[in-house]
Amino acid sequence: MTERGANKTIQVENTAQAYLELLRALGVKYFFGNPGTDFASIIDAFAKFAVEGKTFPQPITVPHEFCAVSMAHGYYMVTGEPQVVMVHTTVGTANALGALINASRSNIPLLLTAGRTPITERGGAGNRDTYIHWAQESFDQGGMVREYVKWDYELRNFSQLETVVRRALTIAMSEPKGPVYLTLPREILAEAHNEFAVADESPLAPTTALYPDPEKIDELARAVAQAEHPLIITRNLGRNPQAVEWLSRLAELFALPVIEFPVPQYTNLPTNHPMHLGFDPGAYLPDADLVLVIECDVPWIPSQHKVNPAARVVHIGVDPLYHRYPIWGFPAETLLLGEPGISLRHLTESLGKLRSAQEEKIAARFKWVRQEHERQRESWHKEALEKGESARISLEWASYCLNQFKGEELIIINEYDLSLRHFELRLPGNYFGNSPAGSLGWGVGAALGAKLAAPDKTVVAVVGDGSYIFSVPSACHMVSAMQQLPILVIVCDNGGWNSPQRATRAVHPKGWAVRTEHFPLTRFTVQPAYERFVQAYGGYGVQVSTPGELPAALAKAMKVVKEERRQAVVHVVCESIIPSG
């Protein structure tokens, strides 16, 4: 390796080797891959890295594309570092698409790359040499994903390699963050070269953090100070853990109640905070005269919640218009563009100047909110204990039992089934929920990514039986075994899918399905032994069906994961949402 100006010149043999050297220079630690014939030069380049003792980026073999993208998603949530995934041409992209949609709607910056079917039929390294190379080609491969990525491109030649990859990752990491897509033709990857000049110690330079309009912040501060019944609703503020502290300060400063709706994707405010009023705004929206929506795409359901028509509604976020959503019609008197942590810091500072004139009102509101908070928690605690006396295990009881193991070393990945009324969220960065896009199967792969990012943490994924099936458990458990990533998966098995049944009940409350208690397509007619999936890969699995069994089963599984360093599955047979008989 020789120095040349501001560049490092690296000896390479082809474009694929230069590509991996570039990722290495940019600090990429892992390369999640599901290979096909388009990976030939990538595989050879990694073999060269192994001979040279270069450990990063480390190739992570993932037997299904959905799991690969979900792992990258989970890794980013824990570390904040953009990730790289590579899949096989059109078909691999198709398998990855559901997970990519999740990443897109969750503002997860990752570089999804895919090989491209060889363009040439003869004449050089990498040309078409097997029958799939005709049928797998599409007219516009990027068109498969364009709706859900910020940018897509096809690498045209070696000379633009660094420009293209840097641009991809820079766009992904700029607000609003999100995935990008790059196709890599096999001939380009195989193309012979002698050296590659890469910018020396030149990090990515995404756009700087978004700062709110100072005048709008002061105007909002005056509105908050004047409000009698203000309300904060959030879901994703905790994407930036530092923003959690500023929300806590703001809520305490002016006694502002906080709702996380519908299911938080992060810890936005510790649930034991006296200003935390749960996960449903329905009881508070009719009286609220100021609603401050912070990083929340759906603050309420218009068909289900009644909002005070005189309320002033303000949205704060990096994309408060949610411009990639085709329809989004929530009222907004003000749309404040800004990174939430920065926005709340400035709002808190501005409000601090107005507090002295509002002391009496703030004290009265603080007392009321704290009493409401305590009333909620007492009710929830009573509900969990009552559920523990039932004949079958409920989601409330399962969540309550898991809550007994909470601690700083625990990371929870929640895909729908954890009842947050019965599980306390105290630390930012230790809880992650599913994408609002709802492409099921994310939870187990995300847990593996989180474990890879935080090997000293105990990572628990809570999923439903339907979600577990969608996760491609054979692929996930194989990755866990191959990469020595012991996680605990709690499968809450109620024998089917809840969402379509709830939808049927809501749309047709007096329809045939409700009258006959028969919901075709929503129930599984067999109940597999889900705990045996993990056993095929050397893990520990157990099935429990009564409330009394669950605490000991969870304790045993935790011990297996922590001390034996083996993956585990606790198959929790839950009460069905369809009455028996």
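Only a predicted model underlies this, so the values are computations on that prediction, with no experimental measurement involved.

J.: Would you mind going over the overall build of the chain with me for this structure?
T.: A count of helical and extended segments in the chain gives 19 helices and 20 strands. The C-alpha atoms of the chain give 25 Å as radius of gyration, which agrees with the globular expectation for 581 residues (25 Å, within 12%). For the chain, with 581 residues in total, the buried portion stands at 56%. Carbon together with sulfur atoms contributes 53% to the accessible area of the chain, which is approximately 24,300 Å² in total.

J.: Any chance you could explain the environment of Ala-453 here in plain terms?
T.: Within the secondary structure layout, Ala-453 lies in helix H13 (residues 442–453). Counting along the chain gives 377 residues from Ala-453 to Tyr-76, while the straight-line C-alpha distance between them is 8.1 Å. Leaving out residues up to four positions away in the same chain, Ala-453 has contacts with Tyr-75, Val-78 and Thr-79.

J.: How should the sheet that holds strand S15 (residues 410–414) be read in this particular structure?
T.: Two orientations exist for strands paired in a sheet by backbone hydrogen bonds: parallel and antiparallel. Spatially, S16-S15-S17-S18-S20-S19 is the arrangement adopted by the 6 strands of the open sheet, whose pairing is parallel. Two strands lie at the open edges of the sheet, namely strand S16 (431–433) and strand S19 (540–544), each paired on one side alone. Direction aside, the axes of adjacent strands within the sheet are offset by 15° on average. Together, S15, S16, strand S17 (458–464) and strand S18 (488–493) form the strand contacts of H13, whose direction differs from that of S17 by roughly 175°.

J.: Explain the state of the cysteines to me, please; I cannot follow it from the model alone.
T.: Throughout this description, disulfide means a covalent bond between two cysteine sulfur atoms. By the definition in use, this model includes 0 disulfides. Just so you know, Cys-67 is unpaired, no disulfide at all, and the nearest cysteine sulfur is the one on Cys-476, 3.5 Å from it. Overall, the relative accessible area of 1% leaves Cys-67 in the buried class. What makes Cys-476 buried here is its relative accessible area of 1%.

J.: Honestly, the layout of surface pockets in this entry has me stumped. Any pointers?
T.: If a probe the size of a water molecule is rolled over the atoms, the empty space left behind becomes visible. Volume-wise, the second largest pocket comes out at about 380 Å³. Forming the boundary of the second largest pocket are 25 residues, of which Tyr-76, Gly-238, Arg-239, Asn-240 and Pro-241 lie nearest the centre. Sort the elements by how many residues they give to the lining of the second largest pocket and helix H3 (residues 65–79) lands first, with 4 residues. Of the residues belonging to the lining of the second largest pocket, the class tally is 11 nonpolar, 8 polar and 6 charged.

J.: Could you clarify how one ought to interpret the pairing of strand S14 (residues 334–337) in this entry?
T.: Note on strand geometry: in a regular strand, side chains alternate between the two faces of the sheet. Only one face of S14 is buried: it carries Thr-334 and Leu-336, and the other face, with Leu-335 and Leu-337, is open. As defined by bridge partners, strand S13 (residues 312–317) adjoins S14 across 4 bridges and the pair is classed as parallel. In the sheet register, His-315 faces S14, and the bridge partner there is Leu-335.

J.: What's the story with the nonpolar core in this structure? I'm lost.
T.: Soluble globular proteins: nonpolar side chains tend toward being buried together. Ranked by internal contacts, the top residues of the largest apolar core, which has 52 residues, are Phe-32, Met-71, Leu-112, Ile-413 and Val-489. Top element by residues in this core is H3. It accounts for 9 residues. Excluding residues that lie within four positions of it along the chain, Phe-32 makes contacts with Ile-60, Val-62, Ala-68, Met-71, Ala-72, Gln-83, Val-84, Val-85, Met-86 and Leu-452. Listed in part, the 50 residues of the second largest apolar core include Val-224, Ile-233, Phe-254 and Tyr-322.

J.: Mind showing me how you'd approach the packing of aromatic side chains here?
T.: The geometry of an aromatic ring pair comes down to the distance between the two centres and the angle between the two planes. In this structure the tally under the stated criterion is 20 aromatic pairs. When the centroid spacing of 5.5 Å and the interplanar angle of 70° are considered together, the rings of Tyr-30 and Tyr-75 count as edge-to-face. Taken together, the residues Tyr-30 in strand S3 (residues 30–33) and Tyr-75 in helix H3 connect sequence positions 45 residues apart. Looking at Tyr-30, the relative accessible area reads 11%, which means it is buried. Classification of Tyr-75 by relative accessible area gives buried; the value is 4%. Aromatic pair Trp-151 and Tyr-153: ring centres 5.9 Å apart, planes at 20°, arrangement stacked. Its end group placed over the ring of Trp-134, Arg-128 keeps NZ or CZ at 5.3 Å from the ring centre. Across the ring face of Trp-512, the terminal group of Arg-515 is positioned such that the distance to the ring centre comes to 4.1 Å.

J.: I tried to follow empty space enclosed by the protein on my own but got confused; where do I start?
T.: Tallied over the entire structure, the rule returns 2 cavities of 30 Å³ or more. By volume, the largest cavity is sized at about 60 Å³. Lining the largest cavity, in full, are Ala-398, Ser-399, Leu-402, Asp-417, Leu-418, Val-462, Ile-490, Cys-492, Leu-550, Leu-554 and Val-572. Mapped by element, the contributors of at least two residues to the lining of the largest cavity are helix H12 (395–403), S18 and helix H19 (550–564). Of all the elements, H12 adds the most residues to the lining of the largest cavity, at 3 residues. Among the residues making up the lining of the largest cavity, the classes are represented as 9 nonpolar, 1 polar and 1 charged. In this structure, the second largest cavity is lined by Val-224, Pro-230, Leu-231, Ile-232, Leu-256, Leu-290 and Leu-292. Within the residue set of the lining of the second largest cavity, elements represented by two or more residues are strand S10 (230–234) and strand S12 (290–294).

J.: Looking at this structure, how should I read the sheet that holds S13?
T.: Strands sit in the order S11-S10-S12-S13-S14 across an open sheet of 5 strands; the sheet is parallel. Two strands bound the open sheet, and with one partner strand each, they are strand S11 (258–260) and S14. Direction aside, the axes of adjacent strands within the sheet are offset by 20° on average. As paired elements, S10 and S12 share 5 bridges and run parallel to each other. Bridge pairing in S12 places Ile-233 opposite Val-293.

Here is what the cut-offs are and how they apply
Residues numbered from 1 in each chain as written. Predicted model: local features only at pLDDT ≥ 70, side-chain atom pairs only at ≥ 80, totals over all residues. Heavy atoms only, no water. Helix = DSSP H or I, 4+ residues; strand = E, 2+ residues; numbered from the N terminus. Rg over C-alpha atoms; globule rule 2.2 N^0.38 Å. Buried < 20%, exposed > 50% of the residue type's maximum accessible area, 1.4 Å probe, protein only. Areas by Shrake-Rupley, 256 points an atom, 1.4 Å probe, with all protein chains shown as cover. Contact = heavy atoms within 4.5 Å. Pairing = 2+ DSSP bridges. Axes fitted to C-alpha atoms, helices over the stretch in contact; angles between N-to-C directions. Disulfide = S-S within 2.5 Å. 1 Å grid on protein atoms, 1.4 Å probe; cavity = no way out; pocket = protein on both sides within 12 Å on 5 of 7 lines; lining within 4 Å. Points joined across faces, edges and corners; volume = space filled by probe spheres on them. Nonpolar A, V, L, I, M, F, W, Y, C, P; charged D, E, K, R; others polar. Core = buried A, V, L, I, M, F, W, Y, C linked by side-chain atoms within 4.5 Å. Phe/Tyr/Trp six-rings, centres within 6.5 Å; stacked < 30°, edge-to-face > 60°. Lys NZ or Arg CZ within 6 Å of the ring centre and 35° of its normal.

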